[in-house]
Amino acid sequence: MQVAILMIHVVIAVALVVLILLQQGKGAEAGAAFGGGASQTVFGSRGSGNFLSRTTALLAAGFFATSMALAYFATQAGQAPEAGIPDSRLIEQQQNVPTLDDRPADVDNAAPVLEESSE
């Protein structure tokens, strides 16, 4: 389920980028007044503003919804904290682990000594 929502999220993000790049800025109408009358032929006499802005708003709402769903799944996936201060029981378990200094004293760990030359 999480992978499907993630794929939808990526598709919506790419579609949002494309739609935003297709839209004209606020100053584009001034350029159409000086001979650029072809801007009204593709999407009707009102131009592309109404269609593209509504589609962008719908995709933005979908992007927000998928972001919230992915955030919910991320919080539910790992119930045990992986980082931060560990639980006191875990600290006590780690303190009972033997270390190198806890070896028995009766073991002879003497390494052979090389003879030094007195030159």
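Residues numbered from 1 in each chain as written. Predicted model: local features only at pLDDT ≥ 70, side-chain atom pairs only at ≥ 80, totals over all residues. Heavy atoms only, no water.

### Here we look at the nonpolar core
Link 1 in the chain: One finds I12, L16, L19, L52 and L59 forming the largest nonpolar core, which totals five residues.
Link 2 in the chain: Elements supplying a minimum of two residues to this core: α1 (2–22) and α3 (49–77).
Link 3 in the chain: Among the elements that take part in this core, α1 stands out by supplying three residues, more than any other.
Link 4 in the chain: Leaving out residues up to four positions away in the same chain, L16 has contacts with T56, L59, A60 and F63. (Core = buried A, V, L, I, M, F, W, Y, C linked by side-chain atoms within 4.5 Å. Buried < 20%, exposed > 50% of the residue type's maximum accessible area, 1.4 Å probe, protein only. Helix = DSSP H or I, 4+ residues; strand = E, 2+ residues; numbered from the N terminus. Contact = heavy atoms within 4.5 Å.)

### Examining the confidence of the model for the protein chain
Link 1 in the chain: Mean pLDDT over the protein chain: 75, with 52% of residues reaching 70 or higher.
Link 2 in the chain: The least confident element of the protein chain is helix α2 (residues 28–33), whose mean pLDDT is 58; the most confident is α1, at 94. (pLDDT = per-residue confidence, 0-100.)

### Side note on α1
Link 1 in the chain: With 21 residues, α1 should reach 30 Å at 1.5 Å per residue; the first-to-last C-alpha distance of 30 Å fits that figure.
Link 2 in the chain: Every buried residue of α1 is listed here: I5, H9, I12, L16 and L19. Down the axis of α1, the buried set is contained in an arc of 100°. They therefore lie on one face. Exposed side of α1, more than 90 degrees from the buried face: V3, M7, V11, V14, L21 and L22 are the residues found there. (Expected span 1.5 Å × (residues − 1). Arc of directions from axis to C-beta.)

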